[in-house]
Each structure stands twice: as structure tokens, then as C-alpha cells.
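These are the residues of each chain, in order.
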Amino acid sequence: MGEVFALVDCNNFYVSCERIFRPDLKERPVVVLSNNDGNVVSLSNEAKTLGIPFGAPFFKLAELIAEEGVAVFSSNYTLYGDMSRRVMDTLSSFSPDMEIYSIDEAFLALRGGTDAVTGRGRDIRETVMRWTGIPVSIGIAPTKTLAKLASKVVKKDSSLGGLLNITGHPHLQEILGHLDVEAVWGVGPRYGGMLRSAGFRTVRDLMLAPDHWVRKKMHVTGLRTVMELRGISCLALEDAAPPKKGIVCSRSFGRPVSSLEELQEAVASYAARGAEKLRGQGSAASFLTVFIATNRFVPEDPQYSNGVTVPLPVPSSYTPLMIRTALQLLERIYRPGFRYKKAGVMFSGIVPQWDRQLDLFRPVRESERQQRLMRVMDGVNRGMGRDTLYFASQGVTRAWGMRRAYLSRRYTTRWNELPVVRAI
DNA sequence: TCTGGGGTCCTAGGACCC
DNA sequence: TCTGGGGTCCTAGGACCC
């Protein structure tokens, strides 16, 4: 009885999104690459079976991919973002208490007896599949940490049929005794190694570890994790996403960039994108940082990286101000004669838009005029697609842009990229 | 040729203040 | 002989997540 947590996790999410519109890839190995076609960030089960590890650099896999006929896609975040919204909309019809944890995961609070909750979980799986075409795994437990763990078990064991409810499970300790301690949410490689060398190998070992020792070695967050493993809920559902405390926009370039002009276009674009994100969450930033870096994977190239931060005259989200300031900072750190690989813009000191201090030397009317201009621009870009309106300093050709050689179409968000079905 | 892009939280230590 | 004590703020660094 009482309240339990269900973690709903989309299986191989990016790959699943691509497969919806390519049913021919159903049983085939498929991978999706990171920005710039850099690393593998999503794999179908068939691709995992081939031994391709998560995060593998794409250029090292070329041979294997050709031999095994692996289908390859560049990241298509427009598509994944839209599919994510559809999945989350579906989930929200099952519980008023829901936390969207990432693009492909959500926690739901469910109430009722164990069997009823399990049945509800099955219903959720089938509905998400029917309405969106995305397969999900569901873990149900009295705490969020145990729910995450249960969903991991589900993915490893196909006999469970995509769902495991460990609420009051008679063999819980036994199950935990078979899981590596690194399977726990909050235990990464460092803590994993530390725990192992101290003799805590399985999740069960960690669950039974002495409190004072855990507190000393893994701080309060670690102790919370252990309590959660014991079934004592310490992490509540966070229904309203709090505004972000820092916003970063950075990209690696599709090729090395040396000229100040190209860096200026890139930095102006990131500044504009960051300002858009700020406005999207109703915030203004007090500080702006610009950084640039050469490619550290090419040690024979001369290396240089630098960044600089300045306070803004007044917390702001006004794109022209951000672009102007970012370009001034770029000129301060730019050095000719290097092959730059990456640049970025960071916003910090984030405050709500409405209680920001007004600039003493600027009439209120002007600030209102700026906000109106940004609202119009955001509205157009939301309705007609990103970058319908942009500033000249962001550049037109963007020759420095990402490599995306294997991009699928934006099937669900562009009229001219809709999937076409032919009945022969 | 070629190695992603975001975020969060916690702690320790230094600066500064009274 | 021997150099207060308590509080706050900020930053850097470490750990983790997807």
C-alpha cells in the first residue's frame, strides 16, 4: 500500500526514435552518434551484442560497421525532443505526480496495492508503445534509487517482459546480492573502485555498509543513496523543474578553425542560443564567460585554451547585448596561429527576469522595448523553426558547423520532411 | 581527417568581516 | 610562555548523471 515510484525509461531512446520511421531496421544493429559524428551515444541491442561500447569514437569503428552492416545516424535532436514530448505527454495521463528526469526517463508516483500497481505499469508500457511506438522499461519500488535499479534489471532480463516491481519482493536481498555495486544510481567509476577495494562488491554489500563509514567516504549524498537502498525514501519527486543555475552553449567544430572571423560567428551563435535559453526559463544572467580551445587529442599541434568572465552591466537576456559582450571577450583571448576545435559561451549568476535590478542609467522604456523585440523573435523562431530570424554576426554559411553526415529527416516537426507511405 | 554537450551537488580552503 | 573565535561568501575541484 501507500505510494511507490515507477521509473519509466525508454529503451535505447535515440535508436528507437530512428526506427519508428525506418521499420526496415527493426532487428538490425543501429547506432546514433553524438554531435559532430564523434562518439556512439545510443545503440540497439543488436549493436551492443556486436561488442560496440557506449562512447566509442566513431572513426575507430568504421571497419566493424561496414562488415556488420550497422546502420548509422547523426544525432537528430529535433526529432528526439519531439518524440520525448509525446512520450511524456502520454505518461502524464497516468499520474498527476510526475518528474521528467531526462529526455528519455520519468518518475511517476503510483498508489495502491502491489498487484494493482504492477497492472498499472503494464498498462503504461502498452499505451506508450501504442501511442508513440517507443518501447520502455519500468522499474517500480518504494524509493527512486531502487526503482532505477529495478529498471536496470528489467533491461538485462528479457523474461521479465519489460517490468519489475520490487515492492515487498520476497527475494530482494538476493537480487541485490547479484548486482555489481556500480549499478547503483550515484555510484560511478571512482566510488565503485573505492567500494570494491573496501570489500563492498555488490549492491547488497553497500546496502549493509555502516552509516558512519558511508558518511565519511561518500558524504551525505552517499548516505542518502544507502538509505534509499534500504527502502527509506530520501529523494522526493521534483515535479516543477527549477530554473537552471548555469547555462552553457558550446560545440566542437566540424573542422579546425583558425580565423577570428569564423570564431566570431560561432561565439555570436552560442551567445544568441544561450540568451534564448535564458528567456525560455524566464531568467536573466549576471555574468558571461567565453572560452576557446584547441584540440587536445592532437598533441603535436600547438595547444592553447583560455576563457574570460565579465559581469554584465545589469542582469540580462537581451541577445544583442550578449553578442556584443561575447565578441569583446573573444577578442581579448583570441591568439592567431592556432587550430581551434571548440568554443563556448556560459551564463551564470542567473536570476529571475522579473526581479532583476534595473539599470540606473537606462530608461525603463528602453528595457521594455528590448523585451518586446525578443518576444517577437522567439515567437517567430518557435513557430517557424529555429534560426528563422537571427543576427548577421552569427554568420550565414557557418562553414565551421557540426559534421552531421548521417542525419535523418525531422519527420515530426517539418511539413516538408514528413514521412511518405506508399501503398503498392 | 577523426574523440559530445550539457547539467547537479558537495566539500575544503581562502578571503574577509566583526 | 605566545598569536581568538565564529560566521559568511566565493571558488576550485571532485564526484556523479544522462
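Here, every reference points to the structure presented above.
None of the values given here were measured: they were computed from a predicted structure.

Peer 1: Could you give an account of the sheet that holds strand S7 (residues 136–141), with specific residues and numbers?
Peer 2: Spatial strand order, S5-S6-S1-S7-S8: five strands in an open sheet with mixed pairing. Every interior strand has two partners, whereas the edge strands, strand S5 (98–102) and strand S8 (163–165), have only one. Shown here is a sheet whose adjacent strand axes are inclined to one another by a mean of 20 degrees, direction ignored. Pairing of S5 with strand S6 (residues 105–111), which is carried by four bridges, proceeds in the antiparallel orientation. Paired with glutamate 99 across the two strands is phenylalanine 107, which belongs to S6.

Peer 1: Provide a residue-level description of the packing of helix H6 (residues 144–156) against helix H10 (residues 211–229), including the pertinent values.
Peer 2: Helix packing for two helices is described by the angle between their axes and how far apart those axes are. Running from amino to carboxyl end, H6 crosses H10 at an angle of 70 degrees, the nearest separation of the two axes being 7 Å. Between H6 and H10, the interaxial angle falls into the category roughly perpendicular. Residues Lys144, Thr145, Leu146 and Leu149 of H6 lie in contact with H10, whose contacting residues are Thr225, Glu228 and Leu229. In the contact of H6 with H10, the residues fall into three nonpolar, two polar and two charged.

Peer 1: So what's going on with the protein's contact with DNA strand B? Residues and values would help.
Peer 2: Residues in close proximity to DNA strand B total 24 residues, the closest being Val248, Ser250, Arg251, Ser252 and Lys341. Here the atoms of DNA strand B within 4 Å of the protein split so that 74% fall in sugar or phosphate, with bases taking the remainder. At a separation of 3.0 Å, a phosphate oxygen of DNA strand B approaches a polar side-chain atom of arginine 224. Put simply, the parts of the chain that give the surface near DNA strand B at least two residues each are H10, strand S9 (247–257) and strand S12 (340–352). When residues of the surface near DNA strand B are assigned to their parent elements, the largest contribution, six residues, is made by S9. Here the surface near DNA strand B is built from residues that sort into seven nonpolar, nine polar and eight charged.

Peer 1: Any details on unusual backbone geometry? Residues and values, ideally.
Peer 2: A positive phi angle is found at asparagine 12, which is not glycine, with a value near 40 degrees. Along the polypeptide, asparagine 12 turns up in the loop between strand S1 (3–10) and helix H1 (13–20). A residue is classified by how much of its surface remains accessible, and asparagine 12, at 17% relative accessible area, is buried. The phi torsion at aspartate 387 lies on the positive side, around 70 degrees, for a residue other than glycine. Here aspartate 387 shows up in the segment after helix H13 (364–384).

Peer 1: If you had to explain the protein's contact with DNA strand C to someone new, which residues and values would you point to?
Peer 2: Taken together, the neighbourhood of DNA strand C is formed by 13 residues, with Lys148, Gly186, Gly188, Arg190 and Tyr191 sitting nearest. Those atoms of DNA strand C that come within 4 Å of the protein belong to sugar or phosphate at a rate of 100%. At 3.0 Å, a side-chain N or O of serine 102 approaches a sugar or linking oxygen of DNA strand C. Taking valine 187, its main chain carries an N or O atom lying 3.4 Å from a phosphate oxygen of DNA strand C. It is helix H8 (residues 189–197) that provides the largest number of residues to the surface near DNA strand C, a total of three residues. Of the residues belonging to the surface near DNA strand C, the class tally is six nonpolar, three polar and four charged.

Rules and cut-offs
- Residues numbered from 1 in each chain as written.
- Chains lettered and ligands numbered in written order.
- Predicted model: local features only at pLDDT ≥ 70, side-chain atom pairs only at ≥ 80, totals over all residues.
- Heavy atoms only, no water.
- Pairing = 2+ DSSP bridges.
- Helix = DSSP H or I, 4+ residues; strand = E, 2+ residues; numbered from the N terminus.
- Axes fitted to C-alpha atoms, helices over the stretch in contact; angles between N-to-C directions.
- Parallel < 35°, antiparallel > 145°, perpendicular 65-115°, else oblique.
- Contact = heavy atoms within 4.5 Å.
- Nonpolar A, V, L, I, M, F, W, Y, C, P; charged D, E, K, R; others polar.
- Near = heavy atom within 4 Å.
- Polar contact = N/O pair within 3.5 Å; in protein donor to acceptor, adjacent residues only side chain to side chain.
- Buried < 20%, exposed > 50% of the residue type's maximum accessible area, 1.4 Å probe, protein only.

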